[in-house]
Amino acid sequence: MGWARYYAARRDIEVTDIMQPISKPADHPPVPARRVGVLLMNLGTPEATDYWSMRRYLKEFLSDPRVIEVPKAVWWPVLNGIILTVRPGKSGHAYKSIWNEERNESPLKTVTRAQAEGVAAELAARHGDSVVVDWAMRYGQPAVGPAIQRLKDQGCDRILLFPLYPQYSATTTATANDQAFRHLMTMRWQPAVRTVPAYHDEPGYIEALARSVVRHIAALDHTPDVLLASFHGLPKAYLDRGDPYHCFCVKTARLLAERLGWEPGRVQYSFQSRFGKAEWLKPYTDKTVEELARAGKTKIAVIAPGFSADCVETLEEIQFQVKDAFMAAGGERFTYIPCLNDHPDHVIFLSDLVERELGGWVDGAGARAARDAEDHVTA
């Protein structure tokens, strides 16, 4: 029979003959309604500020070959013999100065939880219970693997991984995704997965940053001479090997300056948090604030557009160490503009970005989930 005759014969079949519902057997195990999962991932946090808690956290962090690109044979003795002996005490002191005593956790954990709750509420308003939002840390707790499993257990057969780093780097975005993929490798029944790209130049992100600057400065009794955008640093060697982070940071600073519409030179950028003897991305934040003070720019504001949430690098390093360096060099007025954290502007932007990246997954998701809850067939 030719194809034309075959399809002519098929037209005689009633549509209802091939559209009968297939119900699961009465003794079939309960099957959750199909949903879409969103996992927000941030860097990590120690569980406490004591020596051993800090040591565990730092060992996990500094053992990551994405973070320290030094041969293990060279790095391991240095890490275990020197750094993990000295640095836990120093880092613990820094964390203790900004610790959330009420919740007994670091501010990064407090803020990331609040962001996830805000995004969950916003997406629920748009899509009902068809989208589930969870959060995790690349290092420390709550861990990435269990968070993926929680989403899967709630019926999420599609999961969007969202590393909360505006500017991509292998040391942040890539290693967060790596950790998620490691867990996926252990799963017999994997969900489908997407990842959110860097958003350093997204208009909504730049707009939220600009609004935070305007709000903060409007509440001051003076006008800063300079707004310094301070980003976390990286060894220059990482840039030389192809990491795009430096370029993304510079673009963020440029777009923020353009959005604010200030005169040239009033918005500058720098890089903080360097350690060791190797050259890092320049200009350095501590040296930059000293130079600004000596040049007569005695009133400055500092913002940290590379961090989605306030943490030890912003609340302790910028607000104490960087401020002290500026004031010691002759500065008079120093103000830190908080990260976007869980401000409504930020929550709406994150939710909009998630919704865009879920394109095709959330369209009609509520109706699909309701249908699948009543009639679900497994292999």
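Preceding this paragraph is the structure being described.
Reading the values: rules and limits
Residues numbered from 1 in each chain as written. Predicted model: local features only at pLDDT ≥ 70, side-chain atom pairs only at ≥ 80, totals over all residues. Heavy atoms only, no water. Pairing = 2+ DSSP bridges. Helix = DSSP H or I, 4+ residues; strand = E, 2+ residues; numbered from the N terminus. Axes fitted to C-alpha atoms, helices over the stretch in contact; angles between N-to-C directions. Phe/Tyr/Trp six-rings, centres within 6.5 Å; stacked < 30°, edge-to-face > 60°. Buried < 20%, exposed > 50% of the residue type's maximum accessible area, 1.4 Å probe, protein only. Lys NZ or Arg CZ within 6 Å of the ring centre and 35° of its normal. Parallel < 35°, antiparallel > 145°, perpendicular 65-115°, else oblique. Left-handed = near helix turned anticlockwise from the far one by under 90°. Contact = heavy atoms within 4.5 Å. Expected span 1.5 Å × (residues − 1).

Caption draft 1: Representation of the sheet that holds strand β1 (residues 35-45). Strand order in this open sheet of four strands is β2-β1-β3-β4, and the pairing throughout is parallel. Strand pairing shows two members of the sheet lacking a second neighbour, β2 (131-140) and β4 (192-195), which therefore form its edges. Sheet twist, expressed as the mean angle between neighbouring strand axes with direction ignored, is 25 degrees. Across four bridges, strand β3 (residues 156-163) lies against β4 in parallel orientation.

Caption draft 2: Local environment of the packing of aromatic side chains. Inspection of every chain in the model, using the stated rule, returns twelve aromatic pairs. Seen in terms of ring centroids, Tyr-57 and Phe-61 are 6.3 Å apart; in terms of plane orientation they differ by 15 degrees. Their pairing is stacked. Of this pair, Tyr-57 and Phe-61 both sit in helix α2 (residues 51-62), separated by four residues, roughly a single helical turn. Residue class for Tyr-57 comes out buried when judged on its relative accessible area of 6%. Judged by centre distance (5.6 Å) and plane angle (55 degrees), the ring pair of Phe-275 and Trp-280 falls under tilted. For Phe-275, a relative accessible area of 33% translates into the label partly exposed. A network of ring pairs unites the aromatic residues Phe-162, Tyr-199, Tyr-205 and Phe-349 as a single cluster. Lys-72 extends its terminal NZ or CZ atom over the ring of Trp-76, reaching a point 4.8 Å from the ring centre.

Caption draft 3: Main features of the sheet that holds strand β7 (residues 299-303). Pairing is parallel across the open sheet formed by four strands, whose spatial order is β6-β5-β7-β8. The open sheet terminates on both sides in strands that have one partner only, identified here as β6 (267-272) and β8 (333-337). Direction aside, the axes of adjacent strands within the sheet are offset by 25 degrees on average. Inspection of the sheet shows strand β5 (residues 226-232) paired to β6 by six bridges, in the parallel sense.

Caption draft 4: Seen up close, the packing of helix α4 (residues 107-127) against helix α12 (residues 344-357). Remark: α4 packs on α12, axes separated minimally by 9 Å, with the N-to-C direction vectors making an angle of 60 degrees. It follows from the interaxial angle that α4 and α12 lie oblique. In the crossing of α4 with α12, the sense of the turn from one axis to the other is right-handed. Packed against α4, whose contacting residues are Gln-115, Gly-118, Val-119, Glu-122, Leu-123, Arg-126 and His-127, the element α12 presents His-346, Val-347, Ile-348, Leu-350, Ser-351, Asp-352, Val-354 and Glu-355 at the interface.

Caption draft 5: How the structure looks around α4. The end-to-end C-alpha distance of α4, which contains 21 residues, comes to 30 Å, matching closely the 30 Å that a straight helix rising 1.5 Å per residue would cover. Each element contacted by the buried residues of α4 is listed here: β1, α3 (72-98), β2, α11 (312-328) and α12.

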